[in-house]
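Reading the structure
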Amino acid sequence: MDAQTSRYLLLKLAETLGVVAVILIAGTSQRLQYRPVQFKYPQREGRVSISVYLVALAVAVLFSFTAFKDHFLTGETNQLLTGELILALVCLGVGAFALFYRRQPLLSAGWGAKPNLVLGLRIAVMLIFLTIFLRGKLMSIVNGVTADEGMALALLLGISLAEETLFRGYLQLRMGSWLGQPAGWLAASGMFILWRLPWLIVSAEILWLSLAVLIVQSLLLGWIMQKTGHTTAPALYRAVSDWLTIVK
């Protein structure tokens, strides 16, 4: 393991521990409580969510191991992110179709409910500032980002909002209602890891490193969702966290 990889892992560890500390401290405040989503038929919702997931997984496999991927694996960061965004939006469309076909509200996918939204935004802002500080990127941002870095942030916001809505919003809420919160969190996190794995295999420079970061990130994002009840917190935090890896 070279010095650059070691430094990256240490910064990610510090960031993860900082995020855990913020969520634990915030969770003690009565002002940061939210109304959980309840499903009338949890088992049925769980089975539907598995069906949605299997379709999304099939799409991810086809996208990653066929000629679709070739246009995006050019070595350019934003081109790679464009591919990830397209994959995320297509799979989100599967969940959106199920949601609207069954006439369910956006609340059941981690959106809606003003108190939950306010909580999600508050937590997101805290996590973003903490991450910028711990990763030592404040001056890089203050001094100005390049056009490519700005585009990367826009792409990452799209990717994070799409993927977190599907996995932390649509799937995790249903799996948690069906299996219980701890098991639902672990199940949804595992589903996300498996879904991302095909694209990771064809795109990652160091597979073991990317996979390790993905596992920790997936568990952390699911936990943030569980504590806040709104997709904005994990989505916005994840977008900025991933973006800081790109910012010079």
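Above this text you will find the structure in question.
Rules and cut-offs
- Residues numbered from 1 in each chain as written.
- Predicted model: local features only at pLDDT ≥ 70, side-chain atom pairs only at ≥ 80, totals over all residues.
- Heavy atoms only, no water.
- Helix = DSSP H or I, 4+ residues; strand = E, 2+ residues; numbered from the N terminus.
- Expected span 1.5 Å × (residues − 1).
- Contact = heavy atoms within 4.5 Å.
- Axes fitted to C-alpha atoms, helices over the stretch in contact; angles between N-to-C directions.
- Parallel < 35°, antiparallel > 145°, perpendicular 65-115°, else oblique.
- Left-handed = near helix turned anticlockwise from the far one by under 90°.
- Nonpolar A, V, L, I, M, F, W, Y, C, P; charged D, E, K, R; others polar.

In this section: unusual backbone geometry. Even without glycine at this site, Arg-103 takes up a positive phi of about 60°. For Arg-103, the position within the fold is in the loop between α3 (77-101) and α4 (114-134).

Helix length check: helix α2 (residues 42-64) (23 residues) gives 32 Å between terminal C-alpha atoms against 33 Å at 1.5 Å per residue, within 8%. For α2, the secondary structure elements touched by its buried residues are α3, α6 (147-179) and α7 (181-203).

With that settled, the discussion passes to the packing of α4 against helix α9 (residues 232-246). Where α4 meets α9, the closest approach of the two axes is 7 Å, and the angle between their N-to-C directions is 20°. Our classification of the angle between α4 and α9 gives roughly parallel. By crossing handedness, the relation of α4 to α9 is classed as right-handed. Of the residues in α9, those in contact with Leu-117, Gly-120, Leu-121, Ile-123, Ala-124, Leu-127, Ile-128, Thr-131 and Ile-132 of α4 are Thr-232, Ala-233, Leu-236, Tyr-237, Val-240, Ser-241 and Leu-244. Residue classes in the contact of α4 with α9 are distributed as 12 nonpolar, four polar and no charged.

In short, shape yes, function no, at least from these values alone.
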